[in-house]
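Coordinates in review
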Amino acid sequence: MTITLYQFATSPFTEKVRRALNYKGLAFDVHDVDRMKARSGGYGEVSESGKFPAIVDDGTVVLDSTDIMYHLEAAYPEPPLVPEDAHDHALAHAIEEWADESLYFYEMTMRLTWENNLEAALDEFAETLPGVPKPQLKELIRTATGEIVTAQGIGRKSRSRVVADATRHFEMLEKLLQGRDWLVGDHASFADFAVIGQLNALLYAEEARAAAEGKQAIADWMARLDEVAPK
C-alpha cells in the first residue's frame, strides 16, 4: 500500500484529510504543491482542475476532501470515519457541509482578506509560492480571496457583522459539544475533522480567537482530536 497526499499545507481541507489518514493509522507520503505550478497545469496527472488536496492510493487518484473521506472508509474501514447509525451519518454530512461551505468562507474572509490576520499566515503561504516577494504575495492573496468572498457574499458584509456571525458559530458549536466527546455519535468522524480544520484556519484571526475564548467544550474537543487524529 502506497498513499501519497498532494496538498496545499495551508488548506483546512488538507488538514481534514491528514487527520483522517492519521486516525486510521495509515502511512502516507506528502507532496507539497507549488501553487504557481498547479495554476499552470503542472500537476495534470493528479488533478486536471488544479484543485487540492488529492491522494494517490496504489495508483488510484481521489480528488476532493469529502470523496477522499469515503474512499478511505471503503478501502480501510477501521476505525470508522462514518457513523454507523443512519441518522448520525446524515447529521455528520450536514455538519461537514456547514464546515466546508460556510465556515470556510469566514476563515477566508477573516484570515486572508483582513490585513492584521493575513500577516500571521503569510510565511506559510510563502512556502507554497516560492520566489514571490512577500509584498506582492500579500496583495495577490488579498485580491484573489477578496474576489471570491465578495462573490460568495460574506465579503460584502461589514467587519462587525462578520465577527458577530463567527461569534455565533462558536457559541453554537460550544452548545453542540456540551456533554459530548464528538460532534456526532460515539467516535470521531469526518464531521469532526472537517470542523476542526476550518476552526484552526479561523483561529489565525484575532477576532476568532476572542470569540473562542472561554469555550471549554470546544477546547477539550480539539485536544481530544489532536490526540486521536493529529493534524
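Attention here is on the structure that accompanies the text.

Calculation notes
Residues numbered from 1 in each chain as written. Predicted model: local features only at pLDDT ≥ 70, side-chain atom pairs only at ≥ 80, totals over all residues. Heavy atoms only, no water. Helix = DSSP H or I, 4+ residues; strand = E, 2+ residues; numbered from the N terminus. Rg over C-alpha atoms; globule rule 2.2 N^0.38 Å. Buried < 20%, exposed > 50% of the residue type's maximum accessible area, 1.4 Å probe, protein only. Areas by Shrake-Rupley, 256 points an atom, 1.4 Å probe, with all protein chains shown as cover. Expected span 1.5 Å × (residues − 1). Bend = angle between axes of the 7 residues up to and from the residue. Contact = heavy atoms within 4.5 Å. Phe/Tyr/Trp six-rings, centres within 6.5 Å; stacked < 30°, edge-to-face > 60°. Lys NZ or Arg CZ within 6 Å of the ring centre and 35° of its normal. Salt bridge = Lys/Arg side-chain N within 4 Å of Asp/Glu carboxyl O.

**As for the overall build of the chain**
Helices and strands together make up the secondary structure of the chain, namely ten helices and four strands. Starting at the N terminus, the α and β elements of the chain follow one another as β-α-β-α-β-β-α-α-α-α-α-α-α-α. Since a compact globule built from 231 residues should have a radius of gyration of about 17 Å, the 18 Å found for the chain is in line with a globular shape. Taken along its principal axes, the extent of the C-alpha atoms in the chain is 45 × 45 × 30 Å. Here the chain, with 231 residues, has 51% of them falling under the buried criterion. Entry remark: accessible area of the chain is about 10700 Å², with carbon and sulfur atoms responsible for 51%.

**Quick notes on helix 5 (residues 115-128)**
In this model helix 5 runs 19 Å from its N-terminal to its C-terminal C-alpha over 14 residues, within 8% of the 20 Å that 1.5 Å per residue would give. The largest bend in helix 5 comes to about 50°, at Ala121. Here helix 5 has its buried residues at Asn117, Leu118, Ala121, Leu122, Phe125, Ala126 and Thr128. Structurally, helix 5 contributes buried residues whose contacts are with helix 2 (35-39), helix 4 (86-112), helix 6 (134-152) and helix 9 (206-212).

**Observations regarding the packing of aromatic side chains**
Tallied over the full model, the rule gives six aromatic pairs. A centroid spacing of 5.4 Å and a plane angle of 65° characterise the contact between Tyr23 and Phe193, whose relative ring orientation is edge-to-face. Note that Tyr23 is positioned in helix 1 (residues 12-23) and Phe193 in helix 8 (residues 190-202), a separation of 170 residues in sequence. What makes Tyr23 buried here is its relative accessible area of 15%. Pairwise contacts between aromatic rings join Phe8, Tyr43 and Phe52 into one cluster. Looking at Lys37, its charged tip hangs above the ring of Tyr43, at a distance of 4.9 Å from the centre. Sitting over the face of the ring of Trp114, Arg159 holds its NZ or CZ atom 4.1 Å from the ring centroid.

**Brief notes about the pattern of salt bridges**
Summed over the entire model, instances satisfying the criterion amount to 15 salt bridges. Here Glu15 makes a salt bridge to Arg19, at a shortest N to O gap of 2.9 Å. Of this pair, Glu15 and Arg19 both sit in helix 1, four residues apart, which is roughly one turn of that helix. The class for Glu15 is buried, based on a relative accessible area of 6%. Note that Lys138 is salt-bridged to Glu119, the shortest N-O span being 2.5 Å. Here the residue Lys138 occupies a position in helix 6, and Glu119 occupies one in helix 5, the gap between them amounting to 19 residues. The exposure class of Lys138 is buried, given its relative accessible area of 14%. A relative accessible area of 45% means that Glu119 is categorised as partly exposed. Among the charged side chains, a salt-bridge network with shared partners connects Glu115, Glu119, Lys138 and Arg142.

Read these as spatial facts, not as claims about activity.
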